[in-house]
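Given next are the chains, with one letter for each unit.
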Amino acid sequence: MAITAKDKVRQVEPGIWKLVDGRFYVDIRPAGKEGKKVRATKPKLEEAREFKRDAFAKASMGEAYKPVAKDKRRLSELVEQWHDLYGHSLKDKERKLQLLAICKGLGDPIAQTFTAEDFMIYRKSRLDTVQPGKGGKTISANTVNHAHAYLSSVFNRLKQLGKWDYPNPLAGIPKLSIDEAALTFLDKIQIRLLLGELEHSQNKDLLIITKICLSIGSRWSEAANLEVQNVRAGKIHLSNTKNGRSRSIPISPELEREILEGRPKHGKLFNTADPKKGFSNALKRAGIHLPDGQLTHVLRHTFASHFMMNDGNILKLMHILDHSSLDMTLRYAKLAPDHLTQAVTHNPLATLSEKFA
């Protein structure tokens, strides 16, 4: 894009102008008045100064300035390179497909010309997109934030690997703020109703998988994919976890017997078929209604909620749930019996009658 006088805000120093969009424009003749003009636009003033110094240094040594060849890779090509170098090692095997879908939604621009504004326009269009079969509901802010994080990580990782020489265009864009969702968990009556319905399910694995999730707070996939060697010595040993960390959680002798009784002696304990549909039907029969997007994960919330209501330790809960930070676990702290009870005794009215020291 040609830079015109109206694009310039002010001259910072000879040969460098600040532009209206915040970038810095270099327009110099390193070889003197009769020499060839050299122009460049840089996102930061120091980068513009460095470019200017480099051009004059080369001219002083008699070297003709040669503009750097433009990077013509499209956004999807960056994703492919990211996947070949790094993405293939992630547990999230769908990440590449998700990233390519994002590239398609953005029109798969040349990556070097991709800007924060381009992403902001894309983000708004996604937030306005109605999901098919969802009763008119649009794409959630959380989904859009995931797209933001995924694409930003591609630029960051390639830069670390020396395969991207420019700034991350998404670096300065704040994530969309999301209201904290109400914590949904099952009470004791609902748990009894659900277990009763699961006892009559055609899929006999549903009941025991549910009991495991309620007993150790595991993710549904962790429980459903357990192998015989994972259940031993009064503990369930989880290794193939979301965060790649292993953990071992004690269970009762009764649950251990129920898990192992009548099941294979080696390999996977449960049927490989996805039993979530049967779980959803059991919830409906039990009269339990969950917020959109929640299904088996309510069991994990239920474990954590009851753990804290029974005065459990928040740090131990963090380890059991395999959370990467304490912030993720603290939302359950409000359910502890003594949570914020000091507000009753430590407020100024409660201490008003105390004598001054």
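Before any of the text, the structure's been laid out above.
Calculation criteria
Residues numbered from 1 in each chain as written. Predicted model: local features only at pLDDT ≥ 70, side-chain atom pairs only at ≥ 80, totals over all residues. Heavy atoms only, no water. Core = buried A, V, L, I, M, F, W, Y, C linked by side-chain atoms within 4.5 Å. Buried < 20%, exposed > 50% of the residue type's maximum accessible area, 1.4 Å probe, protein only. Helix = DSSP H or I, 4+ residues; strand = E, 2+ residues; numbered from the N terminus. Contact = heavy atoms within 4.5 Å. Polar contact = N/O pair within 3.5 Å; in protein donor to acceptor, adjacent residues only side chain to side chain. Salt bridge = Lys/Arg side-chain N within 4 Å of Asp/Glu carboxyl O. Axes fitted to C-alpha atoms, helices over the stretch in contact; angles between N-to-C directions. Parallel < 35°, antiparallel > 145°, perpendicular 65-115°, else oblique. Left-handed = near helix turned anticlockwise from the far one by under 90°. Nonpolar A, V, L, I, M, F, W, Y, C, P; charged D, E, K, R; others polar. Expected span 1.5 Å × (residues − 1). Arc of directions from axis to C-beta.

Caption draft 1: How the structure looks around the nonpolar core. L194, I212, I236, I259, L299 and L317 are the most contacted members of the largest nonpolar core, which totals 44 residues. Of all the secondary structure elements, the ones that give two or more residues to this core are α6 (188–199), α7 (205–216), α8 (220–224), β6 (235–238), α9 (253–260), α10 (276–285), α11 (297–309) and α12 (314–321). Residues within four places of I212 in sequence aside, it is in contact with G217, S218, A223, L226, I236, I259 and F270. Counting residues in hydrophobic clusters, the runner-up holds 22 residues, among them F114, F119, L158 and I173.

Caption draft 2: Region of the structure containing the environment of K204. Inspection of the secondary structure assignment puts K204 in the loop between α6 and α7. Here K204 falls in the exposed class, since its relative accessible area comes to 57%. It is 82 Å that separates the C-alpha atoms of K204 and A31, two residues lying 173 residues apart in sequence. The contacts of K204, once residues within four sequence positions are left out, are E199 and R263. Reaching out from K204, the side chain makes a polar contact with the backbone oxygen of S201 at a distance of 3.2 Å.

Caption draft 3: Highlighting the pattern of salt bridges. If you walk through the whole model with that rule in mind, you get 17 salt bridges. Two residues, R49 and E13, come together in a salt bridge whose shortest N-O distance is 2.8 Å. Residue R49 is found in helix α1 (residues 45–60), and its partner E13 is found in strand β1 (residues 8–13); the two are separated by 36 residues along the sequence. Here E222 ties to R247 by a salt bridge, and the two come within 2.9 Å at their closest N and O atoms. Of this pair, E222 sits in helix α8 while R247 sits in strand β7 (residues 247–250); the two residues are 25 residues apart in sequence, bridging distant segments of the chain. R247 shares its class with E222; the two are buried.

Caption draft 4: Representation of the side chain of D71 within the structure. Structurally, the position occupied by D71 is in the loop between α1 and α2 (75–85). Residue classification places D71 among the buried positions, given a relative accessible area of 15%. There is a polar contact of 2.7 Å between the side chain of D71 and the side chain of R73. When neighbours within four sequence positions are excluded, D71 is seen to be in contact with I110, Q112, W164 and Y166.

Caption draft 5: Just the packing of α11 against α12, in detail. In contact at an axis separation of 10 Å, α11 and α12 are set at 160 degrees when each is read in the N-to-C sense. The angle between α11 and α12 places the two elements in the roughly antiparallel class. Note on packing geometry: the crossing formed by α11 with α12 is right-handed. Between α11 and α12, the residues in contact are R300, F303, A304, F307 and M308 and I314, K316, L317, I320 and L321, respectively. Of the residues belonging to the contact of α11 with α12, the class tally is eight nonpolar, no polar and two charged.

Caption draft 6: Helix α4 (residues 116–127), seen in detail. For α4, built from 12 residues, the straight-helix expectation of 16 Å at 1.5 Å per residue is met to within 8% by its first-to-last C-alpha distance of 16 Å. Those residues of α4 that fall on the buried side of the exposure criterion are F119, Y122 and R123. The arc that holds the buried residues of α4, viewed along the axis, is 105 degrees, so those residues lie on one side. The exposed residues of α4 that point more than 90 degrees off its buried face are E117, I121 and K124. Among the structural elements, α3 (95–105) and α5 (141–160) are those in contact with the buried residues of α4.

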